[in-house]
Amino acid sequence: MSTIPILVFSYVRLNELKLTIESLLNNKEIDKYDVFIFNDYVKRIEDKNKMIQVRKYIENLGKEKKFKNLEIIYREKNYGLAKNIIDGVTEIINIYGKVIVLEDDLILSNNFLCYMKKALNYYEDDENIFSISGYTMPLKKLENYKYDTYLALRPSSWGWATWKDRWDKVDWDVSDFDNFIKNKAYIKAFNKGGVDLSRMLKHYMKGKNNSWAIRWAYGMFKNGQYCVYPKISKVQNIGFGLNATHCKGINIYETLLDNTNNCEFNFVKNELDKQLLKEFKYQYSYQNKLIKRIKYYFRKLINEN
């Protein structure tokens, strides 16, 4: 099918979902897209009223008819984020062959859809590319970078897109983990995308997290592929805090949102920039995380006084 579907995964955060949908509606030609909204059932009974409010909002969206088509998928039991996304993406990508995926905690630029559509078309036949990210960190090298996209060694789950043939390559069971974790060379290579990667994968295998994204990232690594990132971010994550599923605490990955409305892009092709890879990896270092947290708390202390 020629239409690119948009998948939105939601839970009980009504305010964040509203902001995500409102920013999506600010994109041109949104009325030409099929949209699927997945809403998970609550894990805790005390959250049921929040879920009901979210579902009322989603139902009203259906009545407003602002999308080409809107299909609502209510889970009747709690799937959890990982199962909800894996099952949902698999179901829709098997029909359309490609997807654009959002969670309910993202603010999108006005040219998000234009960027995603053109990037999906440009890289579709490039087997080196695993996924398209709408988010990027404000890396210093990007200030004078000649392309509008760059390649990195880990995918981002904050507003992304991919194709069926790439998605199908992911081994969600991580069946070769025992061989991987015993091989220092493999661990070092995987961690070129950030020193936290192998640790998160190890924690998943030990049942300490239920992350779908770390298994997705490992799938990209195993297949020797890259993720495409924009020079200027088309996504800002607003989901950090007490109600977030995984992003507790402060947002150390805050970025600047594209406000240009530009819809013409100079895409990079199979060119890894060593300086960008170095800066990208540093963003996930323990040193960088510590420095950003210290700066955050100092600013908070100054503002309170």
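Residues numbered from 1 in each chain as written. Predicted model: local features only at pLDDT ≥ 70, side-chain atom pairs only at ≥ 80, totals over all residues. Heavy atoms only, no water.

What about the overall build of the protein chain?
As a reminder, the rule being used: Note on conventions: DSSP H or I runs of at least 4 residues are helices, E runs of at least 2 residues are strands, and numbering of each starts at the N terminus. Computation of the radius of gyration draws on C-alpha atoms alone. For the globule rule, the value is 2.2 Å times the number of residues to the power 0.38. A 1.4 Å probe rolled over the protein chains alone gives each residue an accessible area, and that area as a share of the maximum for its type sets the label: buried under 20%, exposed over 50%, partly exposed in between. Throughout, a contact is declared for two residues whenever any of their heavy atoms are within 4.5 Å. Reported accessibility uses the Shrake-Rupley method at a 1.4 Å probe radius. Residues are deemed covered only where the shown protein chains occlude them. As used throughout, the charge tally considers Lys and Arg to be positive and Asp and Glu to be negative, leaving His and the chain termini uncounted. Lysine's charge is taken at NZ, arginine's at CZ, aspartate's at CG and glutamate's at CD.
Scanning the protein chain from N- to C-terminus turns up 11 helices and 10 strands. Rg of the C-alpha trace for the protein chain: 19 Å, near the compact-globule value of 19 Å for 305 residues, within the 12% margin. Judged by the C-alpha coordinates and their principal axes, the protein chain covers about 50 × 50 × 45 Å. The buried share of the protein chain, taken over its 305 residues, is 50%. Once local pairs closer than 6 in sequence are excluded, the contacts in the protein chain between residues at least 24 apart make up 80%. A total accessible area of about 15,500 Å² is found for the protein chain, and carbon and sulfur atoms account for 50% of it. If the 50 positive side-chain charges of the protein chain are averaged to one point and the 37 negative ones to another, these points end up 6 Å apart.

Some remarks on helix α9 (residues 212-222)
Threshold: Any pair of nitrogen or oxygen atoms within 3.5 Å is treated as a polar contact; in protein, a donor-acceptor pairing is required on top of that, and neighbouring residues in sequence qualify only through side-chain atoms on both sides.
With respect to burial, α9 is a largely interior element, eight of its 11 residues being buried. Those residues of α9 lying buried are Trp212, Ile214, Arg215, Trp216, Ala217, Tyr218, Gly219 and Met220. The N-cap residue of α9 is Ser211: its side-chain oxygen and the backbone nitrogen of Ala213 are 3.2 Å apart. Positive phi shows up at Gly224, right after α9, with a value of about 65 degrees.

Details of the sheet that holds strand β3 (residues 69-74)
Using the following cut-off: Pairing between strands is defined by DSSP: at least two bridges between them are needed. As a rule, the C-alpha atoms of each element are fitted with a line to give its axis, helices using only the stretch in contact, and angles between N-to-C directions run from 0 to 180 degrees.
Spatial strand order, β3-β2-β1-β4-β8-β6-β9-β7: eight strands in an open sheet with mixed pairing. The open sheet has two edge strands with one neighbour each: β3 and β7 (149-152). The mean inter-strand angle of the sheet, taken between neighbouring strand axes irrespective of direction, is 25 degrees. Of the pairings in the sheet, the one linking strand β6 (residues 129-133) to strand β9 (residues 226-230) comprises three bridges and is parallel in character. Looking at the pairing, Ile132 lines up with Val228 of β9. Helix-sheet contacts for helix α2 (residues 48-64) involve β1 (6-10), β2 (34-39) and β3, and the interaxial angle to β3 is about 160 degrees.

Looking at the packing of helix α1 (residues 14-25) against α2
Our working rule: Angles below 35 degrees are treated as roughly parallel, those above 145 as roughly antiparallel, those between 65 and 115 as roughly perpendicular, and all remaining angles as oblique. Crossing handedness follows the turn of the near helix against the far one: under a right angle anticlockwise gives a left-handed crossing, and clockwise gives a right-handed one. Basically, the charged four are Asp, Glu, Lys and Arg, the nonpolar ten are Ala, Val, Leu, Ile, Met, Phe, Trp, Tyr, Cys and Pro, and anything else, Gly included, counts as polar.
Relative orientation of the contacting elements α1 and α2 amounts to 20 degrees, with a least axis distance of 9 Å. If you check the angle between α1 and α2, you find them roughly parallel. Taken as a pair, α1 and α2 cross one another with a handedness that is right-handed. On α2, the residues touching Leu14, Leu17, Lys18 and Ile21 of α1 are Gln53, Val54, Tyr57, Ile58 and Leu61. Grouping the constituent residues of the contact of α1 with α2 by class yields seven nonpolar, one polar and one charged.

Notes on unusual backbone geometry
With phi around 65 degrees, Asn261 is a residue other than glycine that occupies positive phi space. Along the chain, the position of Asn261 falls in the loop between β10 (235-237) and α10 (274-283). With relative accessibility at 52%, the residue Asn261 sits in the exposed group. At Asn270, a residue that is not glycine, the phi angle is positive and equals roughly 55 degrees. Tracing the chain through its elements places Asn270 in the loop between β10 and α10.

What about the state of the cysteines?
As a reminder of what qualifies: Our working definition of a disulfide is a cysteine sulfur pair at a distance within 2.5 Å.
Per the counting criterion, the structure on display carries one disulfide. Covalently, Cys114 is tied to Cys263 through a disulfide, its sulfur atoms 1.6 Å apart. As the torsion about the S-S bond is roughly 90 degrees, the Cys114-Cys263 disulfide counts as right-handed. Of this pair, Cys114 sits in helix α4 (residues 112-123) while Cys263 sits in the loop between β10 and α10; the two residues are 149 residues apart in sequence, bridging distant segments of the chain. Note on Cys114: relative accessible area 17%, which makes it buried.

Side note on the nonpolar core
Formally: For this analysis, a nonpolar core means a set of buried residues of the types Ala, Val, Leu, Ile, Met, Phe, Trp, Tyr and Cys, connected via side-chain atoms within 4.5 Å.
In this structure, Ile6, Val89, Ile100, Tyr123, Ile132, Tyr150 and Trp212 are the most contacted members of the largest nonpolar core, which totals 76 residues. Of the residues forming this core, the biggest block, eight residues, is contributed by α4. Beyond its immediate sequence surroundings of up to four residues, Ile132 is in contact with Tyr115, Met116, Ala119, Leu120, Tyr123, Gly159, Trp160, Ala161, Trp163, Cys227 and Val228. By size, the runner-up hydrophobic cluster in this structure holds 11 residues, among which are Phe177, Phe190, Leu201 and Tyr204.

Looking at the packing of aromatic side chains
Heads up, the rule is: Side-chain rings of Phe, Tyr and Trp, where Trp is taken by its six-membered ring, are said to pair if the distance between their centres is within 6.5 Å; with planes under 30 degrees apart they count as stacked, over 60 as edge-to-face, and otherwise as tilted. The criterion is that NZ of a Lys, or CZ of an Arg, lies within 6 Å of the ring centre and within 35 degrees of the ring normal, and then a charge sits over that ring.
On inspection of all chains with the given rule, the structure shows 28 aromatic pairs. Between the aromatic rings of Trp167 and Trp212, the centroid separation amounts to 6.5 Å while the plane-to-plane angle is 50 degrees, which identifies the pairing as tilted. Here Trp212 lies in helix α9 and Trp167 lies in helix α5 (residues 164-167), a separation of 45 residues in the sequence. Here Trp167 matches Trp212 in class, with each residue buried. Aromatic ring contacts, followed pair by pair, group Tyr135, Tyr150, Trp158, Tyr229, Tyr253, Phe280 and Tyr284 into a single cluster. For Arg166, the ring lying beneath its charged end belongs to Trp163, and the centroid distance is 4.0 Å. Against the face of Tyr115 rests Lys234, its NZ or CZ located 5.4 Å from the ring centre.

These figures come from the coordinates and say nothing about function on their own.
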